[in-house]
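Single-letter residue listing:
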Amino acid sequence: MAALGSLLFALVMLITVIPYAFLTLLWSPLPLHWRYKLTVGWPKAMLWVGRWCCGMRWTCKGWDKLPDGPAIIMPKHQSTWETFFLIAYMPREAVFVFKRELLWIPFFGWGLGLLRMIHIDRSKGADAFEHVVRQGAEKLAQGRWIVMFPEGTRTEPGSEGRYKTGGARLALRTGVPVVPIAVNSGECWPKGAWIKRPGLITVSIGDPIPSEGKRPETLTEEVRLWIEAEMRILNPERYHNTDR
């Protein structure tokens, strides 16, 4: 049944992304706010398709901890699932920081490019981060939230990637807090696997962590400690051999 549901889910995604991409071009003259609301309809719909086809349900802890102001969102990254969830359900427009090559993906890249997020050319080194700072400050001033995955890439359930300081450095340069988020989506939508498994995905939001007066390494470590401790609460069975 998992294979059948996963196949149906993949077919729905494939069949719908192409016409939806053309729709994003049709409404591209609209103001950004409306382009965003219309475009995120696709990932929101895919979350519900994944729920009914594959049994990927979700719940959220700590929603009331989200700040009423600018912030850098720093989530655990296990799956494509949370990229859909964050853009579809965050109470403010989410701005992802991503490599510019994603814009070259047919259809998907069209919609992404029209949302005015922050894409970087990693070949530019330090200049690339200065671009992130300039663009990030502008987006935050517009009332949007910046999303940066501190581990940079997806990790397997029960594992921990190297936490990078980019999100913390951006928070320090812009003077905003960071919000750590733990998510165990890899239990249902594993990295590199096409079969989706039924289960309950938990998105757990931590208290905002102030950035003022801290070193990037210190702030990053605070984020890491909270996320990894929370992951051990969400899925303790994944860690009983790693904490000895």
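Note that this is a predicted model, so its numbers are computed, not measured.

Definitions and cut-offs
Residues numbered from 1 in each chain as written. Predicted model: local features only at pLDDT ≥ 70, side-chain atom pairs only at ≥ 80, totals over all residues. Heavy atoms only, no water. Helix = DSSP H or I, 4+ residues; strand = E, 2+ residues; numbered from the N terminus. Rg over C-alpha atoms; globule rule 2.2 N^0.38 Å. Buried < 20%, exposed > 50% of the residue type's maximum accessible area, 1.4 Å probe, protein only. Areas by Shrake-Rupley, 256 points an atom, 1.4 Å probe, with all protein chains shown as cover. Lys, Arg positive; Asp, Glu negative; His and termini not counted. Charge placed at Lys NZ, Arg CZ, Asp CG, Glu CD. Phe/Tyr/Trp six-rings, centres within 6.5 Å; stacked < 30°, edge-to-face > 60°. Lys NZ or Arg CZ within 6 Å of the ring centre and 35° of its normal. Pairing = 2+ DSSP bridges. Axes fitted to C-alpha atoms, helices over the stretch in contact; angles between N-to-C directions. Parallel < 35°, antiparallel > 145°, perpendicular 65-115°, else oblique. Left-handed = near helix turned anticlockwise from the far one by under 90°. Contact = heavy atoms within 4.5 Å. Nonpolar A, V, L, I, M, F, W, Y, C, P; charged D, E, K, R; others polar. Core = buried A, V, L, I, M, F, W, Y, C linked by side-chain atoms within 4.5 Å. Patch = residues over 30% accessible without salt bridge, like charges linked within 9 Å, V, L, I, M, F, W, Y side chains within 5 Å. Salt bridge = Lys/Arg side-chain N within 4 Å of Asp/Glu carboxyl O. Disulfide = S-S within 2.5 Å.

1. Observations regarding the overall build of the chain
- Broken down by element type, the chain carries eight helices and seven strands.
- Taking 18 Å as the expected radius of gyration for a compact globule of 244 residues, we find that the chain reaches 18 Å, a close match to that expectation.
- Considering the chain as a whole, with its 244 residues, one finds that 48% of them fall into the buried category.
- Here the chain has roughly 11900 Å² of accessible surface; of this, 61% comes from carbon and sulfur atoms.
- Treating the 31 positive side-chain charges of the chain as one cloud and the 22 negative ones as another, the clouds have centres 6 Å apart.

2. Structural notes on the packing of aromatic side chains
- Following the criterion strictly, the structure yields 10 aromatic pairs and no others.
- Taken together, a centroid distance of 6.1 Å and an interplanar angle of 35 degrees make the contact between Phe96 and Phe149 tilted. Of this pair, Phe96 sits in strand 3 (residues 94-99) while Phe149 sits in the loop between strand 5 (145-147) and helix 7 (166-174), placing them 53 residues apart in sequence. Residue Phe96 shares its accessibility class with Phe149, and that shared class is buried.
- Here a set of aromatic residues connected by ring pairs shows up, and it is made of Trp48, Trp58, Trp81, Phe85 and Tyr89.
- Over the ring of Tyr89 we find Lys44, and its NZ or CZ is 5.0 Å from the ring centre.
- The cationic tip of Arg169 hangs over the ring face of Phe129; the distance from NZ or CZ to the ring centre is 4.0 Å.

3. Focus on the pairing of strand 2 (residues 72-75)
- On strand 2, burial covers both faces: Ile72 and Met74 on one face and Ile73 and Pro75 on the other are all buried.
- Across two bridges, the pairing between strand 2 and strand 5 is parallel. Across the sheet, residue Ile73 finds its bridge partner in strand 5, namely Val147.
- By the bridge criterion, four bridges tie strand 2 to strand 6 (residues 178-183) in an arrangement that is parallel.

4. What to know about the packing of helix 1 (residues 2-26) against helix 3 (residues 41-54)
- At their nearest, the axes of helix 1 and helix 3 sit 9 Å apart, and the two run at 160 degrees to each other. Judged by the angle between their axes, helix 1 and helix 3 are roughly antiparallel. Along this stretch, helix 1 crosses helix 3, giving a crossing that reads as right-handed. Taking contact as the criterion, the partners of Gly5, Ser6, Leu8, Phe9, Val12, Met13, Thr16, Val17 and Tyr20 in helix 1 are, on helix 3, Gly41, Trp42, Met46, Val49, Gly50, Cys53 and Cys54.
- Among the residues forming the contact of helix 1 with helix 3, the class breakdown is 11 nonpolar, five polar and no charged.

5. Points about the pairing of strand 7 (residues 199-205)
- Along strand 7, six of the seven residues are buried, which leaves the element largely enclosed by surrounding structure.
- Where strand 1 (residues 56-61) and strand 7 come together, six bridges link them in parallel fashion. In the sheet register, Arg57 faces strand 7, and the bridge partner there is Leu200.
- Two elements, strand 6 and strand 7, share three bridges in a ladder whose sense is antiparallel. Opposite Val183, over in strand 7, you have Val203 as the bridge partner.

6. Description of the nonpolar core
- The biggest cluster of nonpolar side chains holds 64 residues, and the ones touching the most others in it are Ile72, Trp81, Phe96 and Met117.
- Those residues within four positions of Met117 in sequence are excluded, and the remaining contacts are Tyr36, Ile87, Ala94, Val95, Phe96, Phe98, Leu112 and Lys139.

7. Section: a nonpolar patch on the surface
- A surface patch of nonpolar side chains, about 600 Å² in accessible area, is lined by Leu7, Leu11, Leu14, Ile15, Trp194 and Ile195.
- With respect to the helices, strands and loops of the structure, Ile195 is situated in the loop between strand 6 and strand 7.

8. Thoughts on the state of the cysteines
- Going through the model one piece at a time under the given rule, you end up with zero disulfides.
- Considering cysteine sulfurs only, Cys54 is the nearest to Cys53, which forms no disulfide, with 5.7 Å between them.
- Accessibility expressed as a relative area gives 23% for Cys53, which makes it partly exposed.
- Sulfur of Cys188: no disulfide; nearest cysteine sulfur belongs to Cys54 and is 9.4 Å away.
- Residue classification places Cys188 among the buried residues on the basis of a relative accessible area of 2%.

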